[in-house]
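So the chains spell out like this:
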Amino acid sequence: MPEIRHQPVAPTRAQLLASGARIDAHRHDDHQIIYAGRGVLSITTDAGTWVAPGTHAIWVPAGTVHAHRAYGDLELHLLGLPAGDNPLGLTAPTVLRVGPLLRELIIAYTRDDRDHPERTRLRAVLLDQLRVSPQQPLHLPSPTAPLLRAVCAVLMDNPGDTRTLGELGREAGASDRTLSRLFRSDLGMTFPQWRTQLRLHHALILLAERTPVTAVAHRCGWASASAFIDIFHKTFGHTPGAHLPGSPPDSA
């Protein structure tokens, strides 16, 4: 990562970011909730990448060095919380599902910077809703083992690559047994789990760039559009078409 900026106070505000825009690596002394009202947001740390579409938010604990990137025109909502105020008890970045009520609370709170009693009450309800927001396994961890980095780099360059772990291992000079062990010990997940996460992350990015659903399925390595739609629905609770620009928010 480039030089790390230290911004003691995590801002609370709404802002627009053009597709492809980045916010370089920085850290806050506060916790931060980051929500994309429109578009897709990615947060990257040394531990990996978290991606959140418009039905999800990312919790970033105090002190975490992170960088942002926008996919599609991004309506960004930032909400800072003091380090001593951790309603979720989370110590690592986490993706949270955002229901309709929490969505409206975040948007209203970040668009109004006036200090008044109504806003204080709004914040209290927002934190109550945050406490019951389901956590989502949308973390793509970064490998540290050299062999694993080589294999993962191939797939990150082409998420549609359908080769088996054994076939990828022969290219990297390692057995599938060795690589399977490394996936579990280094990344805490199996190879199929990691590849599915990678494909879902890439799919969200392609959808934000207005790529048709069938083309997304093909480019991300699913055997058919129906197979892609099925895993997408199981993960996010709705179909990928809801993430195409211009579609209404859907948190069903």
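Computed from a predicted structure; not experimentally measured.

Quick notes on the rules
Residues numbered from 1 in each chain as written. Predicted model: local features only at pLDDT ≥ 70, side-chain atom pairs only at ≥ 80, totals over all residues. Heavy atoms only, no water. Axes fitted to C-alpha atoms, helices over the stretch in contact; angles between N-to-C directions. Helix = DSSP H or I, 4+ residues; strand = E, 2+ residues; numbered from the N terminus. Parallel < 35°, antiparallel > 145°, perpendicular 65-115°, else oblique. Contact = heavy atoms within 4.5 Å. Nonpolar A, V, L, I, M, F, W, Y, C, P; charged D, E, K, R; others polar. Buried < 20%, exposed > 50% of the residue type's maximum accessible area, 1.4 Å probe, protein only. Salt bridge = Lys/Arg side-chain N within 4 Å of Asp/Glu carboxyl O. Pairing = 2+ DSSP bridges. Expected span 1.5 Å × (residues − 1). Phe/Tyr/Trp six-rings, centres within 6.5 Å; stacked < 30°, edge-to-face > 60°. pLDDT = per-residue confidence, 0-100.

**Student:** Help me get a handle on the packing of helix H3 (residues 146–157) against helix H5 (residues 176–187), residues and values and all.
**Tutor:** At their nearest, the axes of H3 and H5 sit 10 Å apart, and the two run at 100° to each other. Classified by the interaxial angle, the pair formed by H3 and H5 is roughly perpendicular. Here H3 contributes Leu-147, Leu-148, Val-151 and Cys-152 to the contact with H5, which in turn contributes Leu-179, Leu-182, Phe-183, Asp-186 and Leu-187. Within the contact of H3 with H5, the residues separate by chemical class into eight nonpolar, no polar and one charged.

**Student:** So what's going on with the side chain of Thr-64? Which residues, and what values?
**Tutor:** Among the secondary structure elements, Thr-64 is positioned in the loop between strand S6 (56–60) and strand S7 (66–81). Assessed through its relative accessible area of 15%, Thr-64 is described here as buried. If we ignore the near neighbours within four places in the chain, the residues touching Thr-64 are His-26, Arg-27, Thr-45 and Pro-93.

**Student:** So what's going on with the pattern of salt bridges? Which residues, and what values?
**Tutor:** Across all of its chains, the model carries 10 salt bridges by this definition. The salt bridge partner of Glu-104 is Arg-103, with a shortest N-O separation of 3.6 Å. Taking the relative accessible area as the measure of exposure, Arg-103 reaches 17% and is therefore buried. In this structure, the salt-bridge partner of Arg-131 is Asp-128, at a minimum N-O distance of 2.8 Å. Note that Arg-131 and Asp-128 are positioned in helix H2 (residues 117–131) at a spacing of three residues, about one turn of the helix. According to the relative accessible area criterion, Asp-128 is partly exposed, its value standing at 45%. Bridged by salt links that share partners, the residues Arg-38, Glu-75 and Arg-111 form one connected network.

**Student:** Explain the pairing of strand S3 (residues 22–27) to me, using residue names and the numbers behind them.
**Tutor:** When strand S1 (residues 5–6) meets S3, the two strands line up parallel, connected through two bridges. Each residue of the ladder has a partner; that of Arg-5, found in S3, is His-26. Bridge count for S3 against S7 is three bridges, and the pairing is antiparallel. Across the sheet, Arg-22 pairs through a bridge with Arg-69, a residue of S7.

**Student:** Give a detailed account of helix H1 (residues 100–111), specifying residues and quantitative values.
**Tutor:** The terminal C-alpha atoms of H1 lie 17 Å apart, and with 12 residues this matches the ideal 16 Å at 1.5 Å per residue to within 8%. Residues of H1 that are buried in the fold lie against strand S2 (13–17), strand S4 (31–45), S7, strand S8 (94–97) and H2.

**Student:** Let's hear about the packing of aromatic side chains: which residues, and what values?
**Tutor:** Applying the stated rule across the entire model yields five aromatic pairs. Between Trp-222 and Phe-228, the aromatic rings sit 4.9 Å apart at their centres with planes inclined by 40°, giving tilted as the arrangement. Grouping residues by exposure puts Trp-222 and Phe-228 together as buried. Centroid distance Phe-232 to Phe-236: 4.5 Å. Interplanar angle 40°. Geometry classified as tilted. With Phe-232 and Phe-236 both in helix H8 (residues 225–236), this residue pair falls four residues apart, about one helical turn. For the residue pair Phe-232 and Phe-236, the accessibility class agrees, reading buried in each case.

**Student:** An account of the confidence of the model for the protein is needed here, citing residue identities and associated values.
**Tutor:** With 95% of its residues at a pLDDT of 70 or more, the protein has an overall mean of 90. Looking across the protein, the model is least confident in strand S9 (residues 135–136), with a mean pLDDT of 87, and most confident in helix H7 (residues 213–219), with 96. Ignoring residues within four places in sequence, the model shows residues 248–252, a span with pLDDT below 50, making 13 contacts including any to other chains.

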